[in-house]
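# Fold and geometry: a report
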Amino acid sequence: MQDTKYEHSQGITFKEYLNYCKAKHLWFIISTAVCILLATGYLILKNPVYERSAQIMIKDDASPSSKLTAGLSMMQGFGGLLGASSNVSNELISMKTPANILEVVKRLNLDYSYSTRPFIRKIPLYGDSLPVNVNISGMKDCDDASMKIELQNGKVKISNLKKNKNKFDTEYNGTVNSVYHSPIGLIAITATKAYNGKEDITINVKKNAPIKTVKGIEEKLDAGITEEMGSVIDLSYEDAIPQRAEDILNMLIRVYNEKWMNDENQLNSKTTQFIDNRISEITSDLGKAENTITTYKSKNNLPDVIETTKLAMETSTEVSGEIATLRGQRESAKFILDFVNNHSNSNQTLPVNLLSNDKVLSAQIEEYNKLQLEHNRIAENSNKTNAIVQNIDKQLNNMRKSIKAALANTVKQADIQMASYNELKGTNDAQVKSSPKQAKFLLSAERQQKIQEQLYIFMLQKREENVLSKAFTPYKTRVLSAPMGDIEPVAPKPFIFILISLAIGIILPALSAFLKMNFRKLME
């Protein structure tokens, strides 16, 4: 009796299990057939997905100061992507922002999706396969809409209108390139390049809220840095239509470059405004000085007065030129210093190209502006508690203190030099005290005219430098590889899918048989 109980407790053997499976071979046949049929049906209904990828390189500034800042940022960066420089990591974040993707959606009209179902599979339409475009006016950004459009030999029939949860039974008949008044808004149907007027097709149109489309693109978009310490970004996108994937990547790169160019051009806006205002003021002062000299000469009949005071005028001209140059430098430094001290300008870039005589200070201001733009781009898509934003704030504060000290020293040095030149000018003026009263008056008036001319030329040169700087600013990125990919889809993989379904079809009855045999043994 004890031996019998012990034998019953041993469970099933592999031979018993194998014989039982053979006896239930019909289970395996039915299960395998059902799984393969389900997999085949899925493959028939599922559209193939294609992948397109591109490579772009972020251009780095070649100046030593920018390289030093980039190195410090990398060492201090809070977890840059795989140790890559924080500059490239920040540009990667900036490129993938929802604002950029939303702009791509608007330019390519991706919030409108088109499809047709000629047999079983739902086929998406885009580009060369889409005969007409649809635009619905009067809808909010949060609204969804859908409709069915039947094209037959140039005729159009619109039906199955739906806006959000509201359905409308109204139907509209007409032609392509027409506008239809409907409960969901004005529907404009326009022909594309693929339209030939002989189409016989039913198109399902769906208008999604742009933000939903943005989220969908974000899920399919993959971006990362190719190598550690590198400056190359890999972009890839998966879509049922290869052309749409290529268009999205190309447009994303274009939008990013355009926005970066707009940021760069802002560097010159403050400087241009200041220069234009100063030119206007100097032009007025120069005209007054010229009128004074002309009127005085005509009134006192002194056509040869310059010849009589030639030696004194040459010396005064040289001194006046130096004073004018110093005054221009001092005004530029003082303007930038006042701009920095104004707390309302704490997040704005500083005017550039005004202190060409001081290369070190100009380089500091240029580096400050680049770091400020980087700060504004990151802060726009983050908050003040972001570690990268706080780190950049500290760098900006230190740079701002250094620039203030340098500007104050420039103003002080200009005052000292102008005082020295004014003393020299006073000595020279004393030499012409014996000249006629008219000569001394003209000497003073022409000196003022010369100062205004020097300032005018200085400001014109600076304005031209700003124009050239804006015209020759290159894009931030260089496209190493345009969007491209394999002609074979990346998903679904039919062979692998069938193998998996075959395995599931065998495993399910095998597991069922194992559990059933164990249950019987336990009941015995």
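Right, let's walk through the structure included here. (Residues numbered from 1 in each chain as written. Predicted model: local features only at pLDDT ≥ 70, side-chain atom pairs only at ≥ 80, totals over all residues. Heavy atoms only, no water.)

A few words now on the overall build of the chain. Secondary structure summary: the chain contains 14 helices and 14 strands in total. Expressed as a percentage of the 524 residues in the chain, the buried residues total 39%. Of all intrachain contacts in the chain linking residues separated by at least 6 positions in sequence, the fraction that spans at least 24 positions is 73%. Of the roughly 30,200 Å² that the chain leaves accessible, carbon and sulfur atoms contribute 55%. (Helix = DSSP H or I, 4+ residues; strand = E, 2+ residues; numbered from the N terminus. Buried < 20%, exposed > 50% of the residue type's maximum accessible area, 1.4 Å probe, protein only. Contact = heavy atoms within 4.5 Å. Areas by Shrake-Rupley, 256 points an atom, 1.4 Å probe, with all protein chains shown as cover.)

Turning next to the pattern of salt bridges. Counted under the stated rule, the structure contains 15 salt bridges. Notably, a salt bridge pairs Lys207 with Asp111, separated by 3.4 Å at the nearest N-O pair. A residue pair is termed long-range when its members are at least 10 positions apart, and Lys207 in strand β11 (residues 200-207) and Asp111 in the loop between α6 (98-108) and β2 (112-116) qualify at 96 residues. Residues Lys207 and Asp111 agree in their burial class; the two are buried. The shortest N-O distance in the salt bridge between Glu331 and Arg278 comes to 3.0 Å. Of this pair, Glu331 sits in helix α10 (residues 310-341) while Arg278 is found in helix α8 (residues 242-300), placing the two residues 53 residues apart along the sequence. Three or more residues are tied together by salt bridges with common partners; here these are Glu103, Arg107 and Glu258. (Salt bridge = Lys/Arg side-chain N within 4 Å of Asp/Glu carboxyl O.)

Once that is clear, we can look at the pairing of strand β13 (residues 232-239). Among the eight residues that make up β13, six are buried, leaving the element largely enclosed by the rest of the structure. Pairing of strand β1 (residues 50-58) with β13, which is carried by eight bridges, proceeds in the antiparallel orientation. Bridge assignment links Ile56 to a residue of β13, and that residue is Ile233. Both strand β12 (residues 221-225) and β13 contribute to a ladder of five bridges, which runs antiparallel. Bridge pairing in β13 places Ile225 opposite Ile233. If you look at the hairpin formed by β12 and β13, you'll find six residues sitting between the two strands, and Met229 has a positive phi there, around 65 degrees. (Pairing = 2+ DSSP bridges.)

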